[in-house]
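Structural overview for review
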Amino acid sequence: QNWTTTTDFLTNLGVSDIAINPNNPDEIYIITGDRDGGDTYSYGLMKSIDGGNTFSLTGLSFNVTSGYKGNRVLIDPVNTNVIIVATSNGIYRSVDSGLSFTQTYSAINMTDIEFHTTNSSIIYGGSKGSTSIYKSIDNGINWSQSGSGLPSSNDVSRACVAVSLDNPQVVYAMFGGNDNGFYGVYK
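In this report, the structure presented in the accompanying data block is examined.

Basis of the calculations
- All residue numbers refer to positions counted from 1 along the written sequence of the respective chain.
- Given that the model is predicted, a residue must reach a pLDDT of at least 70 before its local features are reported, and side-chain atom pairs must reach 80 or more before they are shown or counted; all residues, however, enter totals for whole chains, interfaces and linings.
- Computation of side-chain values covers all heavy atoms of the structure but excludes hydrogens and water.
- Nine residue types can take part in a nonpolar core, namely buried Ala, Val, Leu, Ile, Met, Phe, Trp, Tyr and Cys, and a core is a set of them joined through side-chain atoms within 4.5 Å.
- Here the term buried applies to any residue with accessible area under 20% of the maximum for its type, exposed to any over 50%, and partly exposed to those in between, with areas from a 1.4 Å probe on protein chains only.
- In this text, helices come from DSSP runs of H or I with a minimum length of four residues, and strands from runs of E with a minimum of two, each type numbered from the N-terminal end.
- Contacts between residues were defined by any pair of non-hydrogen atoms, one from each residue, lying within 4.5 Å.
- By the convention used here, strands pair only if DSSP detects at least 2 bridges between them.
- Axes here mean lines fitted to C-alpha atoms, for a helix over just the part in contact, with angles spanning 0 to 180 degrees between N-to-C directions.
- A pairing counts as a salt bridge when a side-chain nitrogen of Lys or Arg comes within 4 Å of a carboxyl oxygen of Asp or Glu.

**Things to note about the nonpolar core**
- Formed by 13 residues in total, the largest nonpolar core has its most connected members in Ile84, Ile91, Tyr105, Met110, Ile113, Ile123 and Trp143.
- Breaking this core down by element, the ones donating at least two residues are β6 (83-87) and β9 (110-115).
- A per-element tally of this core places β9 first, with 3 residues.
- If we ignore the near neighbours within four places in the chain, the residues touching Ile91 are Ile84, Val85, Ala86, Thr102, Gln103, Thr104, Tyr105, Met110, Ile113, Gly140 and Trp143.
- Membership of the second largest hydrophobic core comes to 12 residues, among which are Ile31, Leu45, Val85 and Phe101.

**Observations regarding the pairing of strand β7 (residues 90-94)**
- The element β7 is extensively covered by neighbouring structure, given that 5 of its 5 residues are classed as buried.
- As judged from the 5 bridges shared by β6 and β7, these two strands associate in the antiparallel manner. Within β7, the position partnered with Ile84 by the bridge is Arg93.
- Connecting β6 to the next strand, β7, in antiparallel fashion are 2 residues.

**Overview of the sheet that holds strand β13 (residues 156-163)**
- The strand order across the open sheet built from 3 strands is β13-β14-β15, with neighbouring strands paired in antiparallel fashion. The open sheet has two edge strands, β13 and β15 (182-186), and neither has a second partner. For this sheet, the mean angle separating the axes of adjacent strands, direction not counted, is 15°.
- Across 7 bridges, the pairing between β13 and strand β14 (residues 171-177) is antiparallel.

**Details of the pattern of salt bridges**
- The final tally for this structure, using the stated rule, is 4 salt bridges.
- A salt bridge links Lys47 to Glu27, with the nearest nitrogen and oxygen atoms 3.8 Å apart. With Lys47 in strand β3 (residues 44-48) and Glu27 in the loop between β1 (15-20) and β2 (28-32), this residue pair connects regions lying 20 residues apart in the sequence. Across this residue pair, the class does not change: Lys47 and Glu27 are buried.
- Arg72 is paired through a salt bridge with Asp112; the nearest N and O atoms lie 3.4 Å apart. Of this pair, Arg72 sits in strand β5 (residues 70-75) while Asp112 sits in strand β9, and the two are 40 residues apart along the sequence.
- Among the charged side chains, a network of salt bridges with common partners joins Asp17, Arg72, Asp112 and Glu114.

Purely geometric stuff here, so don't read any function into it on its own.
This is how it looks when you write it as structure tokens:
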């Protein structure tokens, strides 16, 4: 019913994704920047340990003038010390709750990442500017192109992925078109 802002004085106001620790709801991560409108760039991943009242920068930080976009942040539900972040300049992974990060994939602008619903070692990803879906089978350390039957058209601009809880072997990929419209859903 009532909302109060706690982030008015951050470096910029764009936030593309929010992740809440399933074991501790006071621990919240926000990836800064605007992945969709592109009017604010990321300065990194912020973390709150007091339910969102205050935020501090984690070990993943960027200079706003670099022009990076923050896209997606995941917390491993099995080991909540593992944080995986998708940005316009690759995938970053932390094993210490965000204190430090390692870039595990730099070749693509991954716009969306999702865990397999029963095995957090498996992560699926969709990218911008590509008709590929990506997959990691080692909890985000290594990535490879995955799937067949996907569009090969230059009319595709971005992919999002989803995994069915009812059948974890089913992965959906939705592609946006270069005309800023809908292109298609693949299963």
